[in-house]
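Descriptive analysis of the structure
In case you want the letters, here they are:
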Amino acid sequence: MSLPPELRVLCLQLSSTPADHLPRLTPVLLGHVLQCQIPLSTPIGNAGKTDAATSSVLVHKLKTQLTTLLNGRSPEGRFTAVVLIKAVVEVGGWEVLRGSEQWVRGLLSVLGKPDPAATKELCIVALTKIFLMTHEYQTLVREITTPTLPTFVTSCLNLISSKSPKMHDLPLSLVETIFQSFAALLPRHTTIYRPFIPQIRVVTRPYLAPTLSDGIFVPSSLRKDARRLNVMLHQTVAKNAGGEEWGKAVRELIRYIHITSDHVFRAALEDWESTTGYIADPVDVSEELSGGGKTVDDLPLWTGVRSGVERLVGLLGMLEEYFQCETSSVVSIPMGSILDMINRMLSISLPSTYPNGIEHSNTRLNPAIDRDEKDGLWTGLPEIYVAASQIICSIAARLEQDFVSVAQGSLDQVLWIFPSGKHSIEFRLVAYNVATKILPLIGQSLDRSSVSKLIPVIRSCCKDIQGVDSSHVTGAWDQKSQSNGQDNGQNIDSFLRNSQVNAPDSLTDRPRGVSLAGTKLLRLFFSKLPQRHIDVSIRSLMERTAILSNDPRAMLASILNPFVGKNGRALPSVLPHLAQKFSHYDAVEALLRPRMPLLPSGSQQFIEENLDNEQLDDEEMDTAVENLANQQETFLPVVDTPGSFTTNQSVLDPSIPAVIYSDHLGVAQPSFRGRDYSTSSGHVVNQKLVSPDNNQASTLTHAPPENSHAQAALDIEMAEDSDAESVHLTMQLDTDSESE
């Protein structure tokens, strides 16, 4: 083992550089640590004799320097020590991990010191990594994790406790790091976290469903981490009762969503009726709209319709997280209560405006509520649509094939509310995702009425893929029609304005996520919907969108699922467009030029050997024919034997399966009129030859070759030319008739 020079440099820089300057060298020092994996992870006894002493001394010196920096008075030195300790533990593995108890206690002490938040955040990451690595070794769990993990949890909770006077001064990244650490360690050490469950619920409550009334801004990543940690708390329940605790928490959350909806939806007179027995409490419309904060376990108080919408969306997101996190045991999903709640969220439609300016809505309005609260509700309804549809998408992804029983009803509910929320990009995105999850399950079983409900989604999907907004096109046509009624005077500004309207930027008008979701859904419209229920205009729109978007999968799905109209005529295929643009794709190549595969069998090798033998026989036959052509004056000596005659071995090699014919002069001739009669046969062919000595017919017998079919063809062809060429060929096997 050769000692890496980075280890010497690392020890030298740590000893010679002042602690205040170490943070600037931290990236360089970290790179040196990554190059020292061999000396850090190799046991001292297994090292080479030459470098054993030097390596052990340098590794011990490095550990001592890091311990000194970690326990020192300089905050900069502690920052560098935290970073390098995490790297050394990851690189060294077991050899470093088993002696890291002193480092763990030093890192825990850093959490209680007035160090910057960045140092504490890195310290939490380092401790979490050490605890996760020790989980594989029960000895280290008993020696390191079990004694120190409760102290770690207590220190983290003290940092983000609401009783702390500097709670609002802490960066949210530190809170997010603590939640991520707890979520990673809690499933592995449930018994250690069990006493801290009430405190964890308290510290996560402000970040589950924040509103404007809270006075703080909570990023979406922190909200997701807080919800995930809150969902995982059911795993700490004793006696394997985690599944029951999970179901109880879901039912309680659904009830809380209904209570919040009673206040937020008070501007509308709902036609929804619960199928699970929920009875709404009366709401006083004369009081200010508010909710929450009634008990200690409730979420913070909110006031105003906007805060109410945010609280309701946060609760729906909390319910969605229950289906995205893993559970420790089998759970029972209250599907009826969940679908009943989702139907309520999607039962209130937005008012629409007629061309004459009159508003129309399928939802009855409460006359006791002022206009401002109603407008606030209409503004927040698309967000509620998105949150409720996300729950459907998460449940479908989790249940997969088991979602079939409720797939039809869920799809119908989303399709019913689609006209009210299609102006929202986020709602279109989640609606496309829901359809993408459900169509593979029930798409082929949809009837004509169900397919007709998908027409608005198909049109919107095609527009999002093409990146053209109908409002731009309508505006351009309106301007053009107005200009026809005016004078012919034109200016350059009108041309520039029209060019900008007619060519909108697809990147700014349509986010990429919506286009990708629409592209996936368009392929399913071809392959998962019964094409006989789709109108020809919609099918043409789908194919045109597939061509304009250069989507080979959509075009391939269109080709594999052709459309036949009511008159029995099929639409022209998009195969020319696919072959022109994507001819290099393997699927297109297989579609254009299909090839039959070879059938493997046991006789394949035998056939190949026969083919090789036939090629060799052809070459030898050509050589024999050339030799016989040079010996046209030579007669073939015939040996008279009872029953058959054979050629002289000195004249013709018997290994050559050649057929020699004689003319009326008894001279051997090659094949006539350019034909090659050399072949392999499984029959014995007797040929009559005229001997020049005794003018007696003799028989030339060939050994039976292998191929019988080729010989049969040879017999037929030779029989046709026998008169013209004076070739005497018979199929007689005996010579008794010749003697007569």
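Report follows, based on the coordinates. (Residues numbered from 1 in each chain as written. Predicted model: local features only at pLDDT ≥ 70, side-chain atom pairs only at ≥ 80, totals over all residues. Heavy atoms only, no water.)

Re the overall build of the protein chain
Going by this rule: In this description a helix means any DSSP run of H or I spanning at least four residues, a strand means any run of E spanning at least two, and both kinds are numbered starting from the N terminus. Only protein chains enter the accessibility calculation, which uses a 1.4 Å probe; a residue is then buried when its area is under 20% of its type maximum, exposed when over 50%, and partly exposed in between. It only takes one pair of heavy atoms within 4.5 Å for two residues to be counted as in contact. Per-residue and other accessible areas follow the Shrake-Rupley method at a 1.4 Å probe size, with only the shown protein chains counted as cover for residues.
The helix and strand tally for the protein chain stands at 33 helices and 13 strands. Here the protein chain holds 740 residues, and the buried ones make up 43% of them. Long-range pairs, those at least 24 residues apart, make up 74% of the contacts in the protein chain with a sequence separation of at least 6. On the protein chain, roughly 39300 Å² of surface is accessible, and the fraction owed to carbon and sulfur atoms is 53%.

Digging into the nonpolar core
Inclusion rule: Among the buried residues, those of types Ala, Val, Leu, Ile, Met, Phe, Trp, Tyr and Cys that are joined through side-chain atoms within 4.5 Å form a nonpolar core.
Formed by 165 residues in total, the largest nonpolar core has its most connected members in F152, F182, L522 and F525. Here this core takes 13 residues from helix α17 (residues 371-399), the largest share from any one element.

A look at unusual backbone geometry
Among all residues save glycine, negative phi is the norm, and among peptide bonds the norm is trans. Phi angles above zero are rare outside glycine, and E400 is one such case at about 55°. Here E400 is to be found in the loop between α17 and α18 (404-421). For E400, a relative accessible area of 54% puts it in the exposed group. Notably, N550 is not glycine yet its phi reads approximately 55°, a positive angle. Mapped onto the elements of the fold, N550 is located in the loop between α26 (536-548) and α27 (552-560).

Quick word on helix α13 (residues 220-231)
Test applied: A helix is expected to span 1.5 Å multiplied by its residue count minus one.
The terminal C-alpha atoms of α13 lie 16 Å apart, and with 12 residues this matches the ideal 16 Å at 1.5 Å per residue to within 8%. Here α13 has its buried residues at L222, D225, A226, R227, L229, N230 and V231. Tucked inside the fold, the buried residues of α13 contact α10 (172-185), α12 (197-204) and α15 (305-324).

Observations regarding helix α21 (residues 455-466)
Taking 1.5 Å of rise per residue, 12 residues should cover 16 Å, and α21 covers 17 Å from first to last C-alpha, within 8% of that figure. Considered for burial, the residues of α21 that qualify are I455, V457, I458, S460, C461, C462, D464 and I465. Against α18, α19 (425-442), α20 (448-453), α25 (512-527) and α26 lie the buried residues of α21. Backbone geometry just downstream of α21 places G467 in the positive-phi region, at approximately 75°.

Some thoughts on the packing of α25 against α27
Spelled out, the test is: To obtain each axis, a line is fitted to C-alpha atoms, and for helices this fit is confined to the stretch in contact; angles are then taken between N-to-C directions over 0 to 180 degrees. Any angle between 65 and 115 degrees counts as roughly perpendicular, while under 35 counts as roughly parallel, over 145 as roughly antiparallel, and the rest as oblique. Each residue is assigned to one of three groups, with Ala, Val, Leu, Ile, Met, Phe, Trp, Tyr, Cys and Pro labelled nonpolar, Asp, Glu, Lys and Arg labelled charged, and all others, Gly among them, labelled polar.
One way to put it is that α25 packs onto α27 with a least axis distance of 8 Å and a crossing angle of 10°. Between α25 and α27, the angle is such that the two are roughly parallel. Together, L522, R523 and F526 of α25 and R553, A554, A557 and S558 of α27 make up the contact between the two elements. Of the residues that constitute the contact of α25 with α27, the class distribution is 4 nonpolar, 1 polar and 2 charged.

With respect to the packing of aromatic side chains
By convention here, two paired aromatic rings are described through the distance between centres and the angle between planes. Stated formally: Whether two aromatic rings pair depends on their centres lying within 6.5 Å, for rings of Phe, Tyr and Trp, where Trp uses its six-membered ring; planes under 30 degrees apart make the pair stacked, over 60 edge-to-face, and the rest tilted.
Taken as a whole and judged by the stated rule, the model has 10 aromatic pairs. Here the aromatic rings of F182 and Y193 are separated by 5.4 Å at their centres, their planes lie at 75°, and the arrangement is edge-to-face. With a gap of 11 residues between them, F182 in helix α10 and Y193 in helix α11 (residues 190-193) connect regions that are remote in the sequence. Consider the rings of F418 and F427, whose centres lie 6.0 Å apart with planes at 40°: the pair is tilted.

A short note on the pattern of salt bridges
Cut-off, in case you're wondering: What counts as a salt bridge is simple: a side-chain nitrogen of Lys or Arg found within 4 Å of a carboxyl oxygen of Asp or Glu.
Scanning the entire structure with this criterion turns up 18 salt bridges. We note a salt bridge from E326 to R228, for which the minimum N-O separation is 3.6 Å. Remark: R228 occurs in helix α13 and E326 occurs in the loop between α15 and α16 (335-345); sequence separation between them is 98 residues. Looking at E326, the relative accessible area reads 48%, which means it is partly exposed. With a shortest N-O distance of 2.6 Å, E252 and R255 are connected by a salt bridge. Taken together, the residues E252 and R255, both in helix α14 (residues 242-264) and 3 residues apart, mark about one turn of the helix. The class for E252 is partly exposed, based on a relative accessible area of 42%. By sharing partners, the salt bridges in this structure join D262, E270 and R344 into a single network.

By themselves, these are just geometric observations and shouldn't be taken as functional.
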